[in-house]
Amino acid sequence: MAVEEQRAGSRVSRPEIRLVRRGFTDPAKAVRLLDGPGLEGLADDPVLLDALGATADPDLALLGLARLLEAADEADRHTLRDTLTTSKPLRDRLLGVLGVSTALGDHLARHPHDWHALVTFELRDMHPGPADFRRALAEGVARGRDHGPENALRVAYRRCLLAIAARDLTGTTDLAQTAAELADLAGATLQTALDLAAEQDPEAVAACRLAVIGMGKCGGRELNYVSDVDVIFVAEPREGVDEQTAIRAATRLAAALTRLCSDTTGEGTIWPVDANLRPEGRNGPLVRTLASHLAYYQRWAKTWEFQALLKARPVAGDAELGAAYVEALAPLVWQAAARENFVTDVQQMRRRVIDSIPATELDRQLKLGPGGLRDVEFSVQLLQLVHGRTDPALRSGNTLEALAALSRGGYVGRADAVSLDTAYRFLRSLEHRIQLHRLRRTHLMPTAEEDLRRLARSLSGLINDDTRSDPVAALQREWKRHAVEVRRLHEKLFYRPLLDAVAELPPGAAGLTPEAARARLEALGYTDPAAALRHISALASGVSRKAAIQRTLLPVLLGWFAESADPDAGLLNFRLVSDALGRTPWYLRLLRDESAAAEQLARVLSAGRLAPDLLLRAPEAVAMLGDPRGPVPRGRAALQSEILAAVGRAGSTAAAVAAARSVRRRELFRTAAADVLGRLGEDPAEALDVAGEALTALNAATLQGALRACIAGWEAEHGDLPTRIAVIAMGRFGGHELGYGSDADVLFVHEPLLGSLEQEAARAAQAVCNELRTLLAAPSTEPPLLVDADLRPEGRSGPLVRTLASYAAYYRRWSHAWESQALLRAEPVAGDEDLGARFRQLIDPLRYPGAGVPERDLVEIRRIKARIEAERLPRGADPTTHTKIGRGGLADVEWTVQLLQLQHGHEVPELRTTRTRAALAAAAGAGLVERADAEVLEAAWVLASRVRSAVMLVRGRPGDSFPGEARELAGVARYLGYGGGHSGELVDDYRRTTRRARAVVDRLFYGS
């Protein structure tokens, strides 16, 4: 300090140096204030200077004191000066307030006599209650009526607020008591405002009884310094008064009360009275009778409304009616957890709150953001609502009281409860200090250095680090530490007791009984809680590093599993993956350190059978979930390069094709996982296109690798291959519209090399293509790729491979109309590129005939389509829900589009595409189809395609109809964006969409 003083000596005076030592940041201004009116003779008082230096902001405290002394009359100024120098408790309270709150400093400058409230409240009662506040407010209103009761009420309110803040800032009360006093003051203010409204409208008082029910933090006796005060109004007619008259009277009183508290006058606003938590919100009547409230909550209320009622408490008005309201509605509150999708609704509500926070505020939010106050309240309320049905000890509207009760009851471990309690008290105290500064409603951390410094000094008793050297850094570290802890506990709190029931715990740890754990699992949607408990026990028991990490992970994973249609399968799949990879260091590290990877894994494992089956064949694919972007399908070039490299390293043809299939399996999982996680695009049609493109690229790259492997194998045994081979994709493969369960429809074409014998070349091509099909479909741990060549000339009766000249001869002499239609989707995908391009040139005149479709061919196409509908629909299948050949399904739309391509492809270049949606858009653009009809057809095609994909993802095997099993149908519905319990809506929407499409098909295809 001597060095500091020596350095500062050239710039500041010795008095200023003394002030700098005491924490003043503007010593020159402080010296001027100390020499100014009101503070004469106090500049050299070390007791006062030390007291100022101990405040959160000495400069602010000194400025407020100077303004107060200057505004006071001479007698009061003398009294205050004497009190400051002789009464340490009063000095600390007054300066503590002035060093934190400019708003209360402004109040004292306007009403200098109000500093006496710091004495009177302290002497009257260390912890004033509602009656004390009502008395103080009534006295204040009576004294200030000459200036209007509204202004008098505001002045009296702030006088009480001043006393509460003084006790808070000097440590006389803790956070819980301060919040309770603020709620009691709010209730007293509502009662006083109601009394004033009653004076102005005695007829209304004679007509009704009105009770004011406190909600939210007011109802829970945990109010902030600045907050909306949430209320609900309930009224009953007095004897001899009809209900309608009573409700009108009560509405006048409620509206007058709201205006008295909420309107701005010369003394500002007290706080807004918010009645939007009432039935029907702002659209509903402001006041209802008790019977009307009951009827609404019994029939119409949503889950969040019961959660809000958890904190309901009578705060003003008719006490008997208020108590009757709470008593009548309490049973409904504690039955809410039994509602369908209760937990899901509450969790979704929390996510919506986080999603609504502007990105620029997310890192500064004390209340709503991750690790904020709402996380604590959400966790506690959810546990209360689930267990409060059977345990009345949990039924408190106060967060800290409820948390303590949950700990005593064993629903939360004692260490976790202490940690959460400490973090909540710190965050609420921080929020209080921020709001006290200007008495503004805010939950954002400030960014200005001076604001952060003031906050840090005011909370020094709650900060573990030393705040003297760098108070701002210490505050930031403490805040982040608590936020991280709250987020961690929030994610595990609801589920952790399940682990306590089955895992080995340290001595003294609290836990649920197996029966309570089983009930919790059932509430979350697990249909076999006994099996779930066995899985949890197997995963979490023991002292290994694996068990320790999984004990940390499981509470979060159980919740994510519960959000799916099949939580039991998700938990089982996680156990299988962990059994396979549990000793792999990178796996445990990935799940422990990458929360996004753990969440993505949980969602993939519980979304159906396909993705988990693919993953369990080679669990190391979990690693791709560690990518911050999540799993994203790779392009054709990258896939082909990797597959060809793997093929080149293999020692045999079988091993090479197996390597290609292994890459395909991994990439198939990547695409399926991306689809399940919604990473393919926000628009369903776009996501469908991306999936189709990814699956097409993957199959094409696999065929390219397998073809090269089979050619290399043939050449290793026989010498150079005497022919060139190309693979032509057909059907959905050629249309880049593959689904997860689609076969690869192809044609094989070859061309003998110059000087080669055609018969020898044909045998070689036949051998290579046969081996390719065999090896790609051979039984293996890898999923098969079925290569279907049945669309070739003469079908199964014809040769598997033909020369280009043979194709030309066949199509010239024998081709049928359906073959021209099938060739609309032909596209080279593997093998010799030049040969593939010449095949395309060969078939273009057939699929885009210059004269359109002859009448006989048109009749034939329609006849074949009608025959397929009549004969190929599986027995017992519902034609209204069969996605492929049912009414308005894929075949209806595709055949209609393909007919337009055959008829007009020669004259509309945009129709010359293998893709259904692109061709449909081109037809609409050319005026061949009304845009409205095109939209109807596209909607049906997209929906049918998505249903087929969903069925494969959920069941793990292809299917063209909706699953008959309820859980599988629920999984399909969730994939398509329908919430739990809405599977029937999906089926209804599908039938409606395809019915409209069939009407268009009848007109355009059949000419009906």
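Since the model is a prediction, treat every value here as computed from it, not as a measurement.

Focus: the overall build of the protein
In terms of regular secondary structure, the protein is built from 46 helices and ten strands. Its C-alpha radius of gyration of 38 Å places the protein more than 25% over the 30 Å reference for a compact globule of 1008 residues. Seen through its principal axes, the protein has C-alpha atoms that stretch 125 × 85 × 60 Å. Expressed as a percentage of the 1008 residues in the protein, the buried residues total 55%. Within the protein, contacts between residues separated by at least 24 positions form 72% of all contacts whose residues are at least 6 apart in sequence. Here the protein carries 128 positive and 133 negative side-chain charges, and the mean point of each set is 3 Å from the other.

Some points on helix 45 (residues 966-975)
Residues spaced three or four apart along an α-helix face the same direction, because each turn holds 3.6 residues. Every buried residue of helix 45 is listed here: Glu968, Leu969, Gly971, Val972 and Ala973. Contacts from the buried residues of helix 45 go to helix 44 (931-955) and helix 46 (983-1004). Measuring from the side-chain oxygen of the N-cap residue of helix 45 to the backbone nitrogen of Arg967 gives 3.1 Å; that N-cap residue is Glu965. Positive phi appears at Gly977, one or two residues downstream of helix 45, with a value of about 95 degrees.

Examining the pattern of salt bridges
Applying the stated criterion across every chain, the model contains 63 salt bridges. Between Arg998 and Glu869 there is a salt bridge, and its shortest N-O distance comes to 3.1 Å. Residue Arg998 is found in helix 46, and its partner Glu869 is found in helix 41 (residues 855-871); the two are separated by 129 residues along the sequence. Classification of Arg998 by relative accessible area gives buried; the value is 13%. In this structure, Arg948 engages Asp960 in a salt bridge whose closest nitrogen and oxygen atoms are separated by 2.9 Å. Taken together, the residues Arg948 in helix 44 and Asp960 in the loop between helix 44 and helix 45 connect sequence positions twelve residues apart. Using a relative accessible area of 23% as the deciding quantity, one classes Asp960 as partly exposed. Via salt bridges that share partners, Arg634, Glu642, Arg666, Glu667 and Arg670 belong to a single interconnected network.

Points about the nonpolar core
Phe574, Leu703 and Phe748 are the most contacted members of the largest nonpolar core, which has 91 residues in total. Ranked by the residues each element gives to this core, the list is headed by helix 35 (residues 684-718), at 14 residues. Ignoring sequence-local partners within four residues, the contact set of Phe574 consists of Leu539, Gln550, Leu554, Leu557, Phe561, Tyr587, Leu591, Leu601 and Leu605. Residues Ala30, Leu49, Ala56 and Leu118 belong to the second largest nonpolar core, which totals 85 residues.

Notes on the packing of aromatic side chains
Following the criterion strictly, the structure yields ten aromatic pairs and no others. Both rings, one in Phe962 and one in Tyr990, keep their centres 5.3 Å apart while their planes meet at 80 degrees; by these two values the pair is edge-to-face. Here Tyr990 lies in helix 46 and Phe962 lies in the loop between helix 44 and helix 45, a separation of 28 residues in the sequence. The exposure classification of Phe962 matches that of Tyr990, with both residues buried. Every member of this aromatic cluster is reached through a ring pair, and the members are Tyr807, Tyr810, Tyr811 and Phe839.

Comments concerning the environment of Gly99
Structurally, Gly99 is set in the loop between helix 7 (88-98) and helix 8 (102-110). Looking at Gly99, the relative accessible area reads 0%, which means it is buried. Each C-alpha atom of the pair Gly99 and Ala565 lies 56 Å from the other, and the pair is 466 residues apart in sequence. For Gly99, the contacting residues outside a window of four places in its chain are Thr55, Ala56, Asp57, Leu60, Ala61 and Arg454.

Focus: the confidence of the model for the protein
For the protein, mean pLDDT is 89; residues scoring 70 or higher make up 93% of the total. Low pLDDT, under 50, characterises residues 1-10; the predicted model gives this stretch seven contacts beyond four residues in sequence or across chains. Here residues 494-512 scores under 50 on pLDDT; set against residues more than four positions off or in separate chains, the count is 53 contacts.

Calculation criteria
Residues numbered from 1 in each chain as written. Predicted model: local features only at pLDDT ≥ 70, side-chain atom pairs only at ≥ 80, totals over all residues. Heavy atoms only, no water. Helix = DSSP H or I, 4+ residues; strand = E, 2+ residues; numbered from the N terminus. Rg over C-alpha atoms; globule rule 2.2 N^0.38 Å. Buried < 20%, exposed > 50% of the residue type's maximum accessible area, 1.4 Å probe, protein only. Contact = heavy atoms within 4.5 Å. Lys, Arg positive; Asp, Glu negative; His and termini not counted. Charge placed at Lys NZ, Arg CZ, Asp CG, Glu CD. Polar contact = N/O pair within 3.5 Å; in protein donor to acceptor, adjacent residues only side chain to side chain. Salt bridge = Lys/Arg side-chain N within 4 Å of Asp/Glu carboxyl O. Core = buried A, V, L, I, M, F, W, Y, C linked by side-chain atoms within 4.5 Å. Phe/Tyr/Trp six-rings, centres within 6.5 Å; stacked < 30°, edge-to-face > 60°. pLDDT = per-residue confidence, 0-100.

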